[in-house]
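An overview of the molecular structure
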Amino acid sequence: MSKSQRMSQSQRLSQSQRLSQSQPLSQGTPRSQAAISSGDLQELARSTVRYLLMNDFNKVPIKHADIVKNVTKNATKNTGQVMALAAKMLKEIYGITLLDDSQSSKHYILVNAMKHQEHMDACPETRGDMILLAIILSYIFMQTNGRWRDSGVEQTKVLSFLKTLQIETDVIHEYFGDVKKKLDLFRSQKYLELVRIENTDPPKSEYRWGLRAVEEVSPREALTFASEMYGRERIESWAAHFKAVTEYEKTTRR
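This section reports on the structure supplied with the text. The model shown is predicted, which means the values in this text are computed figures rather than measured ones.

Our next topic: the pairing of strand β3 (residues 107-112). Of all the 6 residues making up β3, 5 are buried; the element is thus mostly covered by neighbouring parts of the structure. Here 2 bridges tie strand β1 (residues 62-63) to β3, and the two strands are oriented antiparallel to one another. Bridge assignment links Ile62 to a residue of β3, and that residue is Tyr108. As paired strands, strand β2 (residues 96-100) and β3 are joined by 5 bridges and run antiparallel to one another. Bridged to Ile96 within β3 is Asn112.

In structure tokens form, the structure reads like this:
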């Protein structure tokens with residue numbers, strides 16, 4: 001199995017706190033603020049699903065305001081009902097979870113509800129991006145000793161690590177292309193976060209797993225990928241990291 005497939009199998013809030021605030025939309029039906037027929041509600045929800053799927057091609061969060069502008073329009077008071085029903089349709093029909101990622105303004109992201117199932121299997125056009133992302137996420141996972149959900153790695157350390165692999169942000173890479181732009185893309189897609197480190201002078205920032213990565217990427221596969229990079233055959237040889245993986249897996253099976 002190639003390294004690009006390894007990941008597929010499976011301001012200062014911490015990532016775990018962020019996740020508690022960025023939850024799947026409720027699939028219940030909120031109380032209506034304006035009269036709307038069941039048929040109209042169903043049609044608006046279907047239109048919303050189509051809009052979300054069409055605009056998720058680059059995985060950049062979708063603005064709530066754009067949904068109101070382009071879909072619900074004159075039924076803005078019913079947008080809550082529409083979004084709840086659309087979330088239910090996405091989950092039941094496509095296996096996709098709709099997350100509300102509202103930090104400064106209301107946005108939605110679509111994530112694979114079948115967590116860690118082949119989502120990193122990329123087409124040839126994006127395989128390089130996925131390999132680069134796998135390298136970075138695995139490095140953060142290892143450097144935080146398995147505390148990938150609420151810790152990060154200083155930005156300069158991540159860039160220095162990439163440089164040891166001859167991957168530099170100021171040089172166009174033969175395989176990965178413009179690495180600086182790719183890092184910006186991963187941030188916009190919520191695979192990575194760049195968070196300001198408190199009480200640093202001059203100011204410093206750190207890279208963390210983003211909301212989409214936490215929701216979609218398996219920590220076991222991150223550890224497996226890292227083990228390959230470091231030339232270890234057994235992931236159990238990383239005691240602290242393996243313990244973090246197994247403890248996480250126990251909680252997700254409940």
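As a further point, take the sheet that holds β1. Strand order in the open sheet made by the 3 strands is β1-β3-β2, with antiparallel pairing throughout. Each end of this open sheet is capped by a strand with a single partner; those strands are β1 and β2. Strands β2 and β3 of the sheet are contacted by helix α5 (residues 79-94), whose axis makes an angle of about 150 degrees with β2.

Here the focus is the nonpolar core. With 38 residues, the main nonpolar core has Leu132, Ile135, Ile136, Phe141, Leu162, Leu192 and Trp209 as its most contacted residues. Among the secondary structure elements, those contributing two or more residues to this core are α6 (127-143), α7 (155-164), α8 (179-188), β6 (204-209), α9 (211-216), α10 (219-230) and α11 (239-252). Per-element tally for this core: the top contributor is α6, with 12 residues. Residues in contact with Leu162, not counting those within four places in the same chain, are Leu132, Ile135, Ile136 and Ile167.

Across all of its chains, the model carries 7 aromatic pairs by this definition. Feature note: the residues Phe141, Trp148, Trp209 and Tyr248 constitute an aromatic cluster, connected by ring pairs. The cationic tip of Arg212 hangs over the ring face of Tyr191; the distance from NZ or CZ to the ring centre is 5.8 Å. For the cation-ring pair, Arg232 lies above Trp238, with the distance from its terminal atom to the ring centre recorded as 3.6 Å.

Below, the discussion takes up the environment of Ile167. Tracing the chain through its elements places Ile167 in the loop between α7 and α8. With 12 residues separating them in the primary sequence, Ile167 and Val179 have C-alpha atoms 7.4 Å apart. Residue contacts for Ile167: discarding those within four places in its chain leaves Leu132, Ile135, Leu162, His173, Phe176 and Val179.

Let's shift gears to the pattern of salt bridges. What the rule picks out here adds up to 11 salt bridges. Two residues, Glu206 and Arg208, come together in a salt bridge whose shortest N-O distance is 2.8 Å. With a shortest N-O distance of 2.7 Å, Glu249 and Arg220 are connected by a salt bridge. With Glu249 in helix α11 and Arg220 in helix α10, this pair connects stretches of sequence that are 29 residues apart. Owing to a relative accessible area of 26%, Arg220 belongs among the partly exposed residues under this scheme. Because the salt bridges share partners, they merge into one network encompassing Glu43, Arg46 and Arg50.

This brings us to the sheet that holds strand β4 (residues 153-154). Strand order in the open sheet formed by 3 strands is β4-β6-β5, and the pairing between neighbours is antiparallel. Every other strand in the sheet has two partners, leaving β4 and β5 (192-197) as the edge strands with one partner each. Relative to β6, β5 is paired through 6 bridges, and the arrangement is antiparallel. The residue bridging Arg196 from the neighbouring strand is Ser205, located in β6. Across the face of the sheet, α6 comes into contact with β4, β5 and β6 while running at roughly 105 degrees to β6.

Cut-offs used in this document
- Residues numbered from 1 in each chain as written.
- Predicted model: local features only at pLDDT ≥ 70, side-chain atom pairs only at ≥ 80, totals over all residues.
- Heavy atoms only, no water.
- Buried < 20%, exposed > 50% of the residue type's maximum accessible area, 1.4 Å probe, protein only.
- Helix = DSSP H or I, 4+ residues; strand = E, 2+ residues; numbered from the N terminus.
- Pairing = 2+ DSSP bridges.
- Contact = heavy atoms within 4.5 Å.
- Axes fitted to C-alpha atoms, helices over the stretch in contact; angles between N-to-C directions.
- Core = buried A, V, L, I, M, F, W, Y, C linked by side-chain atoms within 4.5 Å.
- Phe/Tyr/Trp six-rings, centres within 6.5 Å; stacked < 30°, edge-to-face > 60°.
- Lys NZ or Arg CZ within 6 Å of the ring centre and 35° of its normal.
- Salt bridge = Lys/Arg side-chain N within 4 Å of Asp/Glu carboxyl O.

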